[in-house]
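Given next are the chains, with one letter for each unit.
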2 protein chains.
Amino acid sequence: MDPALRALGEFGLIDRIRQRARAHSDGTLRGIGDDAAVLATGDAPLLATLDMLLEGVHFQLAWGRPRDLGWKTVAVNVSDIAAMGGTPRFALLGLGVPAEGASLATLEALLAGIEDAAAAFGLTLVGGDTCGSRSGVVLSLALLGQAPAAGAVLRSGARPGDRVYVTGALGGSAAGLLLLERGLAPDGPWPAALPRPEWLTAEDEAAARAAVAAHLRPTPRVAAGQALAGAASAMIDVSDGVSSDAGHLARESDVALELEAARIPVHAGARVAARLLGREALDLALRGGEDYELLFTAGADPGPRLAGAAPEAPVTRIGQILPGPAAARLLRPDGATEALQAGFDHFRG
Amino acid sequence: MDPALRALGEFGLIDRIRQRARAHSDGTLRGIGDDAAVLATGDAPLLATLDMLLEGVHFQLAWGRPRDLGWKTVAVNVSDIAAMGGTPRFALLGLGVPAEGASLATLEALLAGIEDAAAAFGLTLVGGDTCGSRSGVVLSLALLGQAPAAGAVLRSGARPGDRVYVTGALGGSAAGLLLLERGLAPDGPWPAALPRPEWLTAEDEAAARAAVAAHLRPTPRVAAGQALAGAASAMIDVSDGVSSDAGHLARESDVALELEAARIPVHAGARVAARLLGREALDLALRGGEDYELLFTAGADPGPRLAGAAPEAPVTRIGQILPGPAAARLLRPDGATEALQAGFDHFRG
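Notes on the structure follow. Remember, predicted model here, so these are calculated numbers, not experimental data.

Re the overall build of chain A
From N to C terminus, chain A includes 10 helices and 13 strands. Since a compact globule built from 349 residues should have a radius of gyration of about 20 Å, the 20 Å found for chain A is in line with a globular shape. Projected onto its principal axes, the C-alpha coordinates of chain A cover approximately 50 × 50 × 50 Å. In chain A, the share of contacts with a sequence separation of at least 24, taken over all contacts with a separation of at least 6, comes to 83%.

Comments concerning the sheet that holds strand β3 (residues 46-54) of chain B
Residue and element names in this part refer to chain B. Ordered by their spatial adjacency, 6 strands build an open sheet running β1-β2-β3-β6-β4-β5, and the pairing between neighbours is mixed. The open sheet has two edge strands, β1 (28-30) and β5 (124-133), and neither has a second partner. Each neighbouring strand pair of the sheet contributes to a mean axis angle of 25 degrees, computed without reference to strand direction. Note that strand β4 (residues 87-98) and strand β6 (residues 138-146) share 9 bridges and pair antiparallel.

Some points on the interface of chain A and chain B
Between chain A and chain B, the contact holds 81 residues from the first and 80 residues from the second. A buried area of about 6600 Å², summed over both sides, lies between chain A and chain B, and 63% of it is on carbon and sulfur atoms. Linking chain A with chain B are 4 salt bridges, by the criterion used here. Among the salt bridges present, the one from Arg20 of chain A reaches Glu108 of chain B, with a minimum N-O distance of 2.7 Å.

Comments concerning the relation of the copies chain A and chain B
Once chain A is rotated about the relating axis by 180 degrees and shifted along it by 0.0 Å, it coincides with chain B to within an RMSD of 0.0 Å. Such a turn and shift between the copies fits a two-fold axis. Comparing interface residues between copies, 99% of those in chain A also lie at the interface in chain B; the contact surface is shared.

A word on the pairing of strand β6 (residues 138-146) of chain A
Residue and element names in this part refer to chain A. Burial runs high along β6: 8 of the 9 residues are buried. Looking at chain direction, strand β3 (residues 46-54) and β6 are connected through 9 bridges and run antiparallel. The residue bridging Leu53 from the neighbouring strand is Leu139, located in β6.

Focus: the packing of aromatic side chains
All names here are of chain A. For the coordinates displayed, the defined rule picks out 4 aromatic pairs over all chains. Pairing Tyr165 with Phe296 gives two aromatic rings, centres 5.4 Å apart and planes at 20 degrees, and the pair type is stacked. Pair noted here: Tyr165 is in strand β7 (residues 163-167) and Phe296 is in strand β10 (residues 294-298), with a separation of 131 residues, a long-range link. Phe296 shares its class with Tyr165; the two are buried. Over the face of the ring belonging to Trp190 we find Arg196, whose NZ or CZ atom lies 5.0 Å from the ring centre.

A few points about the pattern of salt bridges
Counted by the stated rule, this structure contains 38 salt bridges over all chains. With a closest N to O distance of 2.8 Å, Arg65 of chain B and Asp68 of chain B form a salt bridge. The class of Asp68 of chain B is buried, set by a relative accessible area of 8%. In this structure, Arg317 of chain B engages Glu260 of chain B in a salt bridge whose closest nitrogen and oxygen atoms are separated by 3.9 Å. Here the residue Arg317 of chain B occupies a position in strand β11 (residues 315-322), and Glu260 of chain B occupies one in strand β9 (residues 256-260), the gap between them amounting to 57 residues. The network of salt bridges with common partners includes Arg18, Arg30, Asp34, Asp35, Arg155 and Glu252 of chain A.

Quick word on helix α7 (residues 242-253) of chain A
Residue and element names in this part refer to chain A. Between its terminal C-alpha atoms α7 stretches 16 Å, which fits the 16 Å expected from 12 residues at 1.5 Å a residue. Within α7, 11 of the 12 residues are buried, which leaves the element mostly enclosed by the surrounding structure. The complete set of buried residues in α7 reads Val242, Ser243, Ser244, Asp245, Ala246, Gly247, His248, Leu249, Ala250, Glu252 and Ser253. Positioned one or two residues after α7, Asp254 has a phi angle of 60 degrees, which is positive.

Focus on the environment of Gly85 of chain A
All names here are of chain A. In this fold, Gly85 is placed in the loop between α2 (66-82) and β4 (87-98). What makes Gly85 buried here is its relative accessible area of 2%. Remark: the alpha-carbon pair of Gly85 and Leu54, spanning 31 residues in sequence, is separated by 27 Å. The contacts of Gly85, once residues within four sequence positions are left out, are Pro148, Gly225, Gln226, Ala229 and Met235.

Focus: the pairing of strand β12 (residues 327-331) of chain B
All names here are of chain B. Here β12 shows one buried face, formed by Ala328 and Leu330, and one open face, formed by Ala327, Arg329 and Leu331. Both β9 and β12 contribute to a ladder of 5 bridges, which runs parallel. When the bridges of β12 are listed, Glu258 appears paired with Arg329. When β12 meets strand β13 (residues 337-339), the two strands line up antiparallel, connected through 3 bridges. Paired with Arg329 across the bridge in β13 is Ala339. Counted between consecutive antiparallel strands, the loop separating β12 from β13 contains 5 residues, among which Gly335 sits at a positive phi close to 95 degrees.

Examining the side chain of Thr297 of chain A
Residue and element names in this part refer to chain A. Within the secondary structure, Thr297 is located in strand β10. A relative accessible area of 0% means that Thr297 is categorised as buried. Reaching out from Thr297, the side chain makes a polar contact with the side chain of Ser233 at a distance of 2.6 Å. Apart from the residues within four sequence positions on either side, Thr297 is in contact with Ala158, Asp162, Arg163, Val164, Ala232, Ser233, Ala234, Leu249 and Ile321.

Quick word on helix α2 (residues 66-82) of chain B
If you check α2 of chain B, its first and last C-alpha atoms are 24 Å apart, about what 17 residues at 1.5 Å a residue would give, namely 24 Å. For α2 of chain B, the tally of buried residues reaches 16 of 17 residues, placing the bulk of the element in the interior.

Some remarks on the environment of Ala326 of chain B
Residues and elements named next belong to chain B. As for its position among the elements, Ala326 is in the loop between β11 and β12. Separated by 218 residues in the primary sequence, Ala326 and Glu108 place their C-alpha atoms 46 Å from one another. Ignoring any residue separated from it by four or fewer positions in sequence, one finds Ala326 in contact with Ala250, Arg251, Asp254 and Val255.

Structural notes on unusual backbone geometry
Residues and elements named next belong to chain A. Even without glycine at this site, Glu290 takes up a positive phi of about 60 degrees. Secondary-structure assignment places Glu290 in the loop between α9 (281-287) and β10. A positive phi angle is found at Tyr292, which is not glycine, with a value near 55 degrees. Mapped onto the elements, Tyr292 comes out in the loop between α9 and β10. For Tyr292, a relative accessible area of 7% puts it in the buried group.

Conventions adopted
- Residues numbered from 1 in each chain as written.
- Chains lettered and ligands numbered in written order.
- Predicted model: local features only at pLDDT ≥ 70, side-chain atom pairs only at ≥ 80, totals over all residues.
- Heavy atoms only, no water.
- Helix = DSSP H or I, 4+ residues; strand = E, 2+ residues; numbered from the N terminus.
- Rg over C-alpha atoms; globule rule 2.2 N^0.38 Å.
- Contact = heavy atoms within 4.5 Å.
- Pairing = 2+ DSSP bridges.
- Axes fitted to C-alpha atoms, helices over the stretch in contact; angles between N-to-C directions.
- Buried area = accessible area lost by both parts, 1.4 Å probe.
- Salt bridge = Lys/Arg side-chain N within 4 Å of Asp/Glu carboxyl O.
- Least-squares fit on C-alpha atoms with pLDDT ≥ 70 in both.
- Buried < 20%, exposed > 50% of the residue type's maximum accessible area, 1.4 Å probe, protein only.
- Phe/Tyr/Trp six-rings, centres within 6.5 Å; stacked < 30°, edge-to-face > 60°.
- Lys NZ or Arg CZ within 6 Å of the ring centre and 35° of its normal.
- Expected span 1.5 Å × (residues − 1).
- Polar contact = N/O pair within 3.5 Å; in protein donor to acceptor, adjacent residues only side chain to side chain.

In short, shape yes, function no, at least from these values alone.
Put into structure tokens, the structure is as follows:
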């Protein structure tokens, strides 16, 4: 890679794009720099987001799960709408098809998975583009949603004194990817490529397989996001890794954000994978990414509100917003603090 | 390629996607099957479209024109909004960056071209996604626009008795691509790989270079599209090749569409390229694609309306809508008719 590009990094390039983008039309309530754009297009603000999934980067067709891949293509975009407190409505699909490696049956399964997710999240596929690809299956999905009546929850509203919360558990998706690469599936026999230790209980195995399922077929937190509109001061979905995402939130809000290591809810499958593969479970939880949970800040305990509207989404307080320059840091149990390392950067690998 | 997929073809796959897509949300006024979706999202209908441009399929970085590529990424989507009579407003960019082959300087030029087009067409880049790519530069752009007050012009409104029109001239882009592949640029020296015949005048050379420019940096017909809202009965942009696009319009309108070969406005550069390269100019005009002109039908002559609102867009009557089953055919000067062959199919090459 061009050293200048590598030095700039993925997020540096996004900053460049953001600096270049000028308003040439009215109605951008929130542009580049949040989970979704907020647009004034009529009497209710519209949310708009786009994500790409590329073969060999985000997924392997060799995993043999094209229906899950279709689901995930929709789900990762739904998660961006959820992180604004919104409701997904309309999707546009870009599909690049390579000359070799993707059969019609594979594509049909992929499309079935897209439709599964469209039905599950109440959105309609309204258009898009198909083309050939010299570079594996290329998936691009744009998703439009409706902003909540209380106003879209931005990344930029956190204030000193707020507490930091996360839904669900972290590290499951990253652990699932590591296990998937060694042949573990959500079901089927234990893979030969992954020696099965004596300590592994049936519960451990179920947790490991649940982690693989979390990677293949994530469930974005739509109801929780909607319940948090009007209550959360800032919100972001956990896609790059909570350490990165906490950094994005801190920077957009211009606050100091502190996560407490002891409070991070680590996915049970991440603990099993860490032990199986000689990794640190907390590192998977902090830097793994693709959990599609919601990281948010609030002045008041959101527990009661969430318990009623989204009982499926456990919520954990994991830190606080402090006065000070924009930064995200980790408080270790021994009282030491360290800057949160960024999660995955596509240009640095 | 999987024989089943090749047999189905790109447009067969789009039909499969369309058959699968169910409405899971309210407000789809027009879904898959037009240049852009028409969505009820507030007090004014919204237009939404998405197109992808992939390195090695739609463009080569070796052409050394990244700023044009950025322009084109926006322009091809603007053309879809123009074909509905609409006004482009907001764009989302997906950008996949390969580890090798795309320098920061190349990406900066690409982004500058996107911003050039955003300024020219009055739209704002409001978000998107960046990621690594194992397979060349991947560009995906979703564009939202405003429908005209008179209502979006669909592909489905042509009726027997209507006449068929096209803006501008056809075949320039296809001719430009052939010349570009032999080293001809919009400016600079004549390429050594392309023997320069004695008959080639300065005017011919200018036409050939204009064809290359038309391929690299197309100008969608926004003002013409807007002027045709309320006047055209059906409209589509010429992206796949007018023979394919006429077929799409005929099928969506369920009418017989006849193009007259003698009336097709062939780009001067296509005539030069045809002579230079031993091709048929009419074939380039009919099947070449990527002209981003507007093909439309109307009951009354649209000339006066266009002359006032979009004087830069010449318009030519090229055929008529007849009673009969949905089909597009070509009337030769000798009175013979033939079914219009489809243009480029990404799955058949």
